Amino acid sequence: MLIATYDKLLVVVSLLVAILASYTALDMAERINTTSNQHPRVARFWLTGGAIAMGVGIWSMHFIGMLAFRLPIALGYDAWITAVSLLIAIATSGFALWIVTLPALPLRRLFGSALLMGAGIAGMHYTGMAAMRMQPGIDYDVALFLVSVFIAIAASAAALWIAFSLRKNTPHVKAARAGASVVMGVAIVGMHYTGMAAASFPSGSVCMSAREGVGIGWLAILIIVVTLAVLTIALLTSVLDARLESRTAKLARSLAEANEELTQMVLHDHLTKLPNRTLLEDRLTQAINKAARSNGHFALMFMDLDGFKAINDSLGHHVGDRLLVEVARRLTATTRAHDTVARLGGDEFVILVDLTLPDDAMPVAEKLVEAVNQPFCVGEHELRVSASIGIAIYPEDGNTRHDLVINADAAMYHTKRAGRNGYNFFEPSMNANAHHQLQWLQDLRVALERKQFRLVYQPKFSLPDGPVLGAEALLRWQHPERGLVGPDEFIGLAERSGLIIPIGAWVLDEACRQMHEWLTLGYADWKIAVNLSAVQFADPHLVEVVRAALERHQLPPQSLTLEVTESTAMHDTEASLLTLQKIADLGVEISIDDFGTGYSSLLYLKRLPANELKIDRGFVRDLSDGTEDAAIVSAIVALGRTLNLRIVAEGVETERQQQFLASVGCDALQGYLRGRPMAPDLFLQTMREQHKSAA
């Protein structure tokens with residue numbers, strides 16, 4: 001027998017190549033598995049490339065092991081038979097990669113695949129041995145031969161199971177693959193060298209491929225270089241593709257998050273995160289379609305917050321915004337998960353409620369009203385608002401989006417007019433009034449720019465028969481269709497819509513202009529009085545508006561009196577005191593209007609920087625000696641004297657009223673007895689005539 005030896009360096013190289021080939025196979029399994037679902041064509045590319053890389057690696061390990069084998073005779077390898085062994089290795093590798101990328105690997109498939117793969121590896125090995133073309137032929141030890149085949153099958157089973165288990169990119173998978181590749185490499189090398197140990201070469205054997213085949217001198221270097229290049233390129237390609245895929249996945253996630261955020265912005269209110277008008281319309285359409293198919297019902301509830309505007313104007317928009325967020329949270333907590341709470345803008349909310357019966361809307365509305373009625377803690381403020389709700393039921397109150405929204409809105413305005421803080425179901429009679437209000441609002445929006453407003457002036461007289469002290473400016477609307485409209489018909493609408501702010505600024509400016517004109521005519525003792533609504537008084541820009549009007553018309557501040565109702569002055573007294581003091585600091589006089597109708601605290605009244613009290617006309621109407629009203633008026637006059645305030649009575653229409661007021665010490669009067677509201681030219685003419693007759 002010929003004595004065989006091994007080149008130890010090449011043996012070590014063969015082990016390293018086996019480990020590297022195993023790691024490449026595991027990495028390729030991941031790439032194929034990752035791309036198989038979304039990109040089948042790319043997966044086939046990776047399967048082909050992986051089969052070549054893995055096959056070349058296994059075959060190279062085998063051939064480097066063959067090259068490490070030494071006999072005391074010249075050795076060589078038949079090129080064609082060697083090529084066949086390479087093809088067997090590639091085919092076997094392709095089969096293995098395909099198996100591990102299947103969705104499941106049951107035991108039956110695992111054992112069957114291991115048998116085929118092991119047979120392929122053994123076939124590659126013994127085909128490579130046959131490439132030596134030994135004469136006489138190689139003798140094989142049957143036991144070791146079977147052991148080598150068993151090792152090949154067992155190694156294949158282990159390799160398939162490991163590759164299947166580690167085919168997904170999970171945490172710590174790289175380290176697991178590295179350890180598994182060492183186990184697989186040792187198993188493959190063990191099979192090879194067991195097969196080599198099974199071979200024996202009789203004395204006098206001759207290698208027929210030594211002359212005609214490929215020599216081993218340069219072949220070892222070529223195989224090592226090519227194999228390492230193929231495996232390195234495969235690994236680098238896999239790593240780069242994995243990184244590219246990871247970046248692509250990150251970009252895809254970023255894009256998905258951006259799309260989700262954009263959708264959130266487009267379909268939700270940015271402040272409260274509730275659905276906005278666009279999303280509400282979509283859900284309302286879905287609710288109509290669902291209810292139409294099942295003959296069901298749902299309620300559309302329109303909600304407006306009572307008292308929100310005053311909070312927003314007096315405490316600032318940042319407090320108002322936080323209050324809206326808290327209201328949204330409370331509404332969401334009160335309703336069910338499948339109901340919709342949306343914000344249309346401002347303090348308007350819409351609630352879409354699924355119903356079993358139409359009457360089921362009533363307890364829902366009661367819960368919503370009760371929830372909003374509870375105080376809200378916003379920062380250091382305890383705030384209170386209430387809810388006015390209008391309810392439209394599908395299909396009784398409309399079977400289209402437009403009809404339901406219009407009718408719910410009409411019912412909500414009916415709740416507002418009925419006293420607020422409650423709810424009303426829609427009734428057909430509400431529509432006419434809603435359309436009327438809407439038309440009034442549209443007309444009111446253009447009245448200012450079309451110069452349809454007018455000021456008339458009602459004189460104030462000193463008691464008992466004294467001269468004219470000035471006038472109160474009163475607003476009228478010269479409507480193109482309805483004629484001259486009094487403030488009682490539109491001021492409330494102007495306050496609810498916020499239009500009272502620009503309208504009030506115009507009144508103040510026009511009154512100052514008129515007073516300046518009278519001053520130039522020599523009426524320096526006159527004063528002009530202008531009423532401030534509660535909404536105007538809460539406007540944070542009020543003081544600047546007053547200052548600008550005075551400066552614009554060069555009017556002395558003491559010629560202007562601003563009238564504030566008692567209830568307005570007493571609401572949020574600390575804020576009112578601050579505003580009134582700023583007005584007083586300008587030099588403008590302050591009159592407390594409708595005195596006696598509110599709930600004044602004498603402590604706060606004493607602190608108000610007021611110059612005048614106006615007795616409400618309700619006390620003057622039935623004035624006579626011995627009546628309760630007479631006692632109240634006498635008390636108000638006495639109080640005014642104590643606080644050093646002028647006392648003006650309004651609504652004086654009879655001589656008897658005038659005489660009583662003069663007798664109790666009232667300073668001035670205002671009413672139809674001495675002068676009705678008049679246009680400025682008529683006012684001036686009338687006052688001149690009265691002055692002449694008095695003289």
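Residues numbered from 1 in each chain as written. Predicted model: local features only at pLDDT ≥ 70, side-chain atom pairs only at ≥ 80, totals over all residues. Heavy atoms only, no water.

1. Section: the overall build of the chain
Phase 1: When helices and strands are tallied, the chain shows 25 helices and 24 strands.
Phase 2: Among the 695 residues that make up the chain, the fraction classed as buried is 48%.
Phase 3: Contacts spanning at least 24 positions in sequence make up 74% of the contacts within the chain whose residues lie at least 6 apart.
Phase 4: For the chain, the accessible surface area stands at approximately 33,900 Å², while carbon and sulfur atoms represent 58% of it. (Helix = DSSP H or I, 4+ residues; strand = E, 2+ residues; numbered from the N terminus. Buried < 20%, exposed > 50% of the residue type's maximum accessible area, 1.4 Å probe, protein only. Contact = heavy atoms within 4.5 Å. Areas by Shrake-Rupley, 256 points an atom, 1.4 Å probe, with all protein chains shown as cover.)

2. A word on the UniProt feature "transmembrane region" (unreviewed entry) in the chain
Phase 1: What UniProt calls "transmembrane region" (unreviewed entry) maps, in this numbering, to residues 6–26, 46–73, 79–98, 110–131, 143–164, 176–195 and 215–240.
Phase 2: Secondary structure content for residues 110–131 is 95% helix and 0% strand, and the end C-alpha separation is 31 Å. (UniProt positions renumbered as here; feature names shortened; annotations may be inferred.)

3. Concerning the side chain of Asp-629
Phase 1: Mapped onto the elements, Asp-629 comes out in helix H23 (residues 628–642).
Phase 2: The exposure class assigned to Asp-629 is buried, which follows from its relative accessible area of 15%.
Phase 3: Here Asp-629 is in contact with Gly-618, Phe-619, Asp-622 and Leu-623, once residues within four sequence places are set aside.

4. Observations regarding H23
Phase 1: If you check H23, its first and last C-alpha atoms are 21 Å apart, about what 15 residues at 1.5 Å a residue would give, namely 21 Å.
Phase 2: Along H23, the residues classified as buried are Asp-629, Ala-630, Val-633, Ile-636, Val-637 and Gly-640. The buried residues of H23 occupy one face: seen down the axis, they fall within an arc of 125°. Opposite the buried face of H23, at more than 90 degrees from it, the exposed residues are Glu-628 and Thr-642.
Phase 3: The inward-facing, buried residues of H23 contact strand E21 (589–595), strand E22 (612–615), helix H22 (617–621), strand E23 (646–650) and helix H24 (655–663).
Phase 4: The positive-phi residue at the C-terminal boundary of H23 is Asn-644, with phi of around 60°. (Expected span 1.5 Å × (residues − 1). Arc of directions from axis to C-beta.)

5. Considering the environment of Leu-144
Phase 1: Locating Leu-144 in the fold gives a position in helix H5 (residues 142–165).
Phase 2: For Leu-144, a relative accessible area of 31% gives the class partly exposed.

6. With respect to the pattern of salt bridges
Phase 1: Across all of its chains, the model carries 19 salt bridges by this definition.
Phase 2: A salt bridge links Asp-269 to Arg-343, with the shortest nitrogen-to-oxygen separation between them at 3.0 Å. Placement of Asp-269 in the loop between helix H8 (216–267) and helix H9 (277–294) and of Arg-343 in strand E10 (residues 340–345) is noted, with a sequence separation of 74 residues between them. This pair shows no difference in class: Asp-269 is buried, exactly as Arg-343 is.
Phase 3: Residues Glu-650 and Lys-614 are paired through a salt bridge, measuring 3.5 Å at the closest nitrogen-oxygen approach. Separated by 36 residues along the polypeptide, Glu-650 in strand E23 and Lys-614 in strand E22 bring together distant segments of the chain. (Salt bridge = Lys/Arg side-chain N within 4 Å of Asp/Glu carboxyl O.)

7. Section: the sheet that holds strand E15 (residues 422–425)
Phase 1: One open sheet holds the five strands; their spatial order is E10-E11-E9-E14-E15, and the pairing between them is mixed. Both outer strands of the open sheet, E10 and E15, are each paired with one neighbouring strand and no more. Going from strand to strand, the sheet's axes swing by 20° on average, the running direction of each strand aside.
Phase 2: Looking at chain direction, strand E14 (residues 386–394) and E15 are connected through four bridges and run parallel. (Pairing = 2+ DSSP bridges. Axes fitted to C-alpha atoms, helices over the stretch in contact; angles between N-to-C directions.)

8. Considering the nonpolar core
Phase 1: Leu-444, Trp-518, Trp-526, Ile-528, Val-546, Leu-560 and Leu-562 are the most contacted members of the largest nonpolar core, which totals 77 residues.
Phase 2: For this core, the leading source of residues is helix H16 (residues 500–520), giving eight residues.
Phase 3: Among all residues touching Val-546, those that are not within four sequence positions of it are Leu-508, Leu-560, Leu-562, Leu-586 and Val-588.
Phase 4: Core analysis: the second largest hydrophobic core is formed by 37 residues, Val-17, Ile-58, Met-117 and Ile-121 among them. (Core = buried A, V, L, I, M, F, W, Y, C linked by side-chain atoms within 4.5 Å.)

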